[in-house]
Amino acid sequence: MAENNNVRPPMGGMRRGAGKVVEKPKDFKGTTKKLLKNYIARYKLPVIIVILFAIGSTIFTIVGPKILGNATTEIFNGIVNKISGGAGIDFEKIATILLSLLGLYTLSAAFSLVQGFTMTTVTQKITYRMRNDLAHKINKLPMKYFDGKTHGEVLSIITNDIDMLSQNLNHSVTQIITAVCTVIGILVMMFSISWIMTLVSLIILPVTALLVGSIVKHSQKYFKAQQDYLGHVNGQVEEVYGGHNIVKVFNGEEKVTNTFKEANNVLYKSAWKSQFLSGLMFPVTNFIGNVGYVAVAILGGYLTIQGKIAVGDIQSFIQYNRQFVQPITQIAQISNTLQSMIAAAERVFEFLEEPEEVETTKGNIDIEKLKGNVEFNHVNFGYNPEKTIINDFSAQVKDGQKIAIVGPTGAGKTTMVKLLMRFYDVNSGSISIDGHNIKDFDRGNLRKMFGMVLQDTWLFSGTVEDNIKYGNPNATDSEVIEAAQAAHVHHFIKTLPKGYKSDLNEETSNVSAGQKQLLTIARVILANPKILILDEATSSIDTRTEQQIQAAMDNLMKGRTSFIIAHRLSTIKNADLILVMNHGDIVEQGTHDELLAKDGFYAGLYNSQFDVEEEA
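Every value quoted in this text rests on a predicted model; they were computed, and no experiment measured them.

Some points on the overall build of the chain
Secondary structure summary: the chain contains 18 helices and twelve strands in total. Here the chain holds 616 residues, and 40% of them are scored as buried. Accessible area for the chain stands at about 33300 Å²; split by element, carbon and sulfur atoms hold 57% of it.

Thoughts on the packing of helix H2 (residues 44–83) against helix H5 (residues 151–193)
Closest axis-to-axis distance for the H2/H5 pair is 9 Å, and the angle between their directions is 35 degrees. Note on packing geometry: the crossing formed by H2 with H5 is right-handed. Counted together, Val-50, Ile-51, Ala-54, Ile-55, Thr-58, Ile-62 and Lys-66 of H2 and Thr-174, Ile-177, Thr-178, Cys-181, Thr-182, Gly-185, Ile-186, Met-189 and Ile-193 of H5 form the full contact between these two elements. Tallied by class, residues from the contact of H2 with H5 come to ten nonpolar, five polar and one charged.

Regarding the layout of surface pockets
A volume near 2200 Å³ is recorded for the largest pocket. Considering the residues around the largest pocket, the lining is formed by 45 residues, among which Met-143, Phe-423, Leu-454, Trp-458 and Phe-460 are closest to the centre. Going through the elements one at a time, helix H4 (143–147), H5, helix H10 (413–420), helix H11 (443–448), strand S8 (450–453), helix H15 (513–527) and strand S9 (531–535) are the ones with two or more residues in the lining of the largest pocket. Tallying contributions element by element places H15 first for the lining of the largest pocket, with five residues. Of the residues that constitute the lining of the largest pocket, the class distribution is 24 nonpolar, eleven polar and ten charged.

Quick look at the packing of helix H3 (residues 91–138) against H5
Two quantities define a packed helix pair, namely the angle between the helix axes and the distance between the axes. Where H3 meets H5, the axes come as close as 9 Å, and the angle between the chain directions of the two elements is 160 degrees. Compared by their axis directions, H3 and H5 come out roughly antiparallel. At the point where H3 passes H5, the crossing takes the right-handed sense. Residue-level contacts link Gln-115, Met-119, Thr-120, Thr-123, Gln-124, Ile-126, Thr-127, Met-130, Arg-131, Leu-134 and Ile-138 of H3 to Val-154, Ile-157, Ile-158, Ile-162, Asp-163, Leu-165, Ser-166, Leu-169, Asn-170, Val-173 and Thr-174 of H5.

Observations concerning unusual backbone geometry
A negative phi holds for most residues other than glycine; trans holds for most peptide bonds. Of note in this structure, Arg-422 is not a glycine but carries a positive phi near 60 degrees. We classify Arg-422 as buried; its relative accessible area is 0%. The phi dihedral of Asp-434 falls on the positive side, at around 50 degrees, and the residue is not glycine. Mapped onto the fold, Asp-434 is located in the loop between strand S6 (428–433) and strand S7 (436–437). Classification of Asp-434 by relative accessible area gives partly exposed; the value is 22%.

Observations regarding the environment of Ala-487
Looking at the secondary structure, you find Ala-487 in the loop between helix H13 (477–486) and helix H14 (490–494). With a relative accessible area of 0%, Ala-487 lands in the buried category. Along the backbone, Ala-487 and Gln-517 are 30 residues apart, and their C-alpha atoms lie at a distance of 9.5 Å.

Topic: the UniProt feature "transmembrane region" (unreviewed entry) in the chain
UniProt marks residues 43–63, 94–122, 173–193, 199–216 and 280–303 with the feature "transmembrane region" (unreviewed entry), using the numbering shown here. Annotated as 95% helix and 0% strand, the span residues 43–63 places its first and last C-alpha atoms 31 Å apart. For the annotated span residues 280–303, helix accounts for 100% and strand for 0% of the residues, and the straight-line distance between the end C-alpha atoms is 35 Å.

Some remarks on the sheet that holds strand S11 (residues 577–582)
Across the sheet, six strands lie side by side as S8-S9-S10-S5-S11-S12; this open sheet has mixed pairing. Sheet topology places S8 and strand S12 (585–590) at the edges, where each strand pairs with a single neighbour. The average undirected angle you get between the axes of adjacent strands in this sheet is 20 degrees. With five bridges joining them, S11 and S12 adopt antiparallel strand pairing. Bridge pairing in S12 links Ile-578 to Gly-590. Seen against the sheet, H10 touches strand S5 (402–406), S8, S9, strand S10 (561–565) and S11 and runs at an angle of roughly 145 degrees to S10. Sheet contacts for H15: S8 and S9; angle to S8, the most-contacted strand, approximately 175 degrees.

Regarding the sheet that holds S7
Adjacent strands of a sheet pair through backbone hydrogen bonds, lying either parallel or antiparallel. Spatial strand order, S4-S3-S6-S7: four strands in an open sheet with antiparallel pairing. The open sheet terminates on both sides in strands that have one partner only, identified here as strand S4 (390–397) and S7. Alignment of strand S3 (residues 374–381) against S4, held across five bridges, turns out to be antiparallel. Bridging across to S4, Phe-381 finds its partner in Ile-390. Most of the contacts of H10 go to S3, to which it runs at about 115 degrees, and overall it touches S3, S4 and S6.

Thoughts on the nonpolar core
A general trend in soluble globular proteins is that nonpolar side chains are found buried together. Ile-468, Val-489, Ile-493, Leu-519, Ile-572, Ile-578 and Tyr-602 are the most contacted members of the largest nonpolar core, which totals 39 residues. By residue number, the principal contributor to this core is H15, which donates seven residues. Those residues in contact with Ile-493 that lie beyond four places of it in its chain are Val-464, Ile-468, Ala-484, Gly-499, Tyr-500 and Leu-519. In this structure, Ile-390, Ala-395, Ile-431 and Ile-531 belong to the second largest nonpolar core, which totals 34 residues.

What to know about the environment of Met-553
Locating Met-553 in the fold gives a position in helix H16 (residues 543–557). With a relative accessible area of 4%, Met-553 lands in the buried category. Once the C-alpha coordinates of Met-553 and Ala-487 are considered, the two residues, 66 residues apart in sequence, prove to be 8.1 Å apart. When sequence neighbours within four positions are dropped, the list of residues in contact with Met-553 reads Ile-521 and Leu-534.

A closer look at the packing of aromatic side chains
The tally for this structure, following the rule as stated, stands at twelve aromatic pairs. Their ring planes at 75 degrees and their centres at 5.6 Å tell us that Tyr-145 and Phe-351 sit as a pair that is edge-to-face. Residue Tyr-145 is located in helix H4, and its partner Phe-351 is located in helix H9 (residues 311–352); the two are separated by 206 residues in the primary sequence. Both residues of the pair, Tyr-145 and Phe-351, belong to the buried class. Site record: aromatic cluster; members linked through ring pairs are Phe-53, Phe-60 and Phe-111.

Focus: the pattern of salt bridges
For the structure shown, the criterion picks out eight salt bridges. Note that Arg-347 and Asp-161 form a salt bridge whose closest N and O atoms lie 2.7 Å from each other. Placement of Arg-347 in helix H9 and of Asp-161 in helix H5 is noted, with a sequence separation of 186 residues between them. For the pair shown, Arg-347 and Asp-161 are each scored as buried. Among the salt bridges present, the one from Lys-501 reaches Glu-465, with a minimum N-O distance of 2.6 Å. Of this pair, Lys-501 sits in the loop between H14 and H15 while Glu-465 is found in helix H12 (residues 464–468), placing the two residues 36 residues apart along the sequence. Members of the salt-bridge network, linked through shared partners, are Arg-422, Asp-425 and Arg-443.

About the criteria used
- Residues numbered from 1 in each chain as written.
- Predicted model: local features only at pLDDT ≥ 70, side-chain atom pairs only at ≥ 80, totals over all residues.
- Heavy atoms only, no water.
- Helix = DSSP H or I, 4+ residues; strand = E, 2+ residues; numbered from the N terminus.
- Buried < 20%, exposed > 50% of the residue type's maximum accessible area, 1.4 Å probe, protein only.
- Areas by Shrake-Rupley, 256 points an atom, 1.4 Å probe, with all protein chains shown as cover.
- Axes fitted to C-alpha atoms, helices over the stretch in contact; angles between N-to-C directions.
- Left-handed = near helix turned anticlockwise from the far one by under 90°.
- Contact = heavy atoms within 4.5 Å.
- Nonpolar A, V, L, I, M, F, W, Y, C, P; charged D, E, K, R; others polar.
- 1 Å grid on protein atoms, 1.4 Å probe; cavity = no way out; pocket = protein on both sides within 12 Å on 5 of 7 lines; lining within 4 Å.
- Points joined across faces, edges and corners; volume = space filled by probe spheres on them.
- Parallel < 35°, antiparallel > 145°, perpendicular 65-115°, else oblique.
- UniProt positions renumbered as here; feature names shortened; annotations may be inferred.
- Pairing = 2+ DSSP bridges.
- Core = buried A, V, L, I, M, F, W, Y, C linked by side-chain atoms within 4.5 Å.
- Phe/Tyr/Trp six-rings, centres within 6.5 Å; stacked < 30°, edge-to-face > 60°.
- Salt bridge = Lys/Arg side-chain N within 4 Å of Asp/Glu carboxyl O.

Listed below in structure tokens is the structure:
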């Protein structure tokens, strides 16, 4: 339901490759150990199978060019013999060689299939367990964690980071094994053919590395400028189109166009230079590689004339030489992939290691026997220990009373409700329900006593009926209808295509904010709680509907303790007690008439609001 519009911030710094940015974890070694110990170690046998079959598949593939070279040598020798008057080409022997080669490649493919299937299974099991662990963890985290994170950050861990782990883990492990085995195997085969030709081939590598390193060094500043100005350009486009009406109203078209042109020109220049330099790498490395092939071919021809190697060995060596650079490049790419994967794993583990809500339950308190008397006893609280926003708050609320909490923005009204429901624990003092400190309640049981309607509506995916029954899944159809009627939303529901069975995602796109609020009120009515919390519950509802809801809520609140956070003071005139808050303190308390008679802070708030309404 929340939007994933957060951009992932870098963690531990960034490594810039040729043309892309690679995220670097803060603790590569430590995170890798956790991943191995907590997840991969559970699948030791399948991982061993993956390693063995990956090695086997690579070996069979590496041996292929050598055998193919033997076939070439046999054809060459047969032609020479034919010219000399001999028997000619032995096709039967060549067929045997080619069939053995086909058998090796078939075995290699079979081994590769087995290791791919096994690794995919292991990877999906690991990500399945991780998602389960995250799902369990998210319900155990305190509210202060989510207050310090955006929805996008949390969703990015559960979706993007897990997906990155799943994809990269599946490919990286087998690619690392295959690449390392290929490099070692090709070196062994090249040395077995000719150590001199192998040294010539290896000399090419540092030359290539120096040239590529020089190109990358010069291109980095342009890639950085490209990335920075791409962010500027995208940010400006988003800002201008997001506030397009404002730009039009103030005739700012020319200004924003000129600003865009300046940023776009810088982006063009830096992008051109970075892409040009990056594009040089392939032709440069290709040229050096071709020079190497020429050197190998000349040297191989000379050695063949000397009778030191066979003709087919030259072909095999050139094939190995072409294959040798590929796994080295692959290892470099995998190192970047591993950095990103471990950075993702690091965020997942940080999330899983977050401190959980501390459970302080001392006994099993039967909430069914409680009435709803609430006492705040010298409560002090601050979201940060250095800054207290609730100062020595004390109040006694009797069951069945309707308590209104009013005050200017930032006075601490909503904070009091969060403390009451133990979204946060008080720094000092205590909150009690019927004489029981709320810290002695199991959090789940404590919250069963409350029904809450917030200013911001929150509906879940599913049917209208599912949403109303969210707080009371065992309710009957007739009880659901009664709750909807009490909330004055029954008539609207009946106009939907499938009534109470209508899906809120597909069939109710035209539901207004007020109608959504009515559905949340019906949900609370059906839950039938002992204590009600209404945080500007009628703010999205028109005046006529508000009057209907107010009457229904008055009936609902009879016999129940109710806390009403209100900004429109006209809605809480009939409250049993009004607590007036300012800067975390109760500055006044009493009934509406009593507070007006005092002509104090509340009277000032009420009269100023009344004056504004009169002017409107």
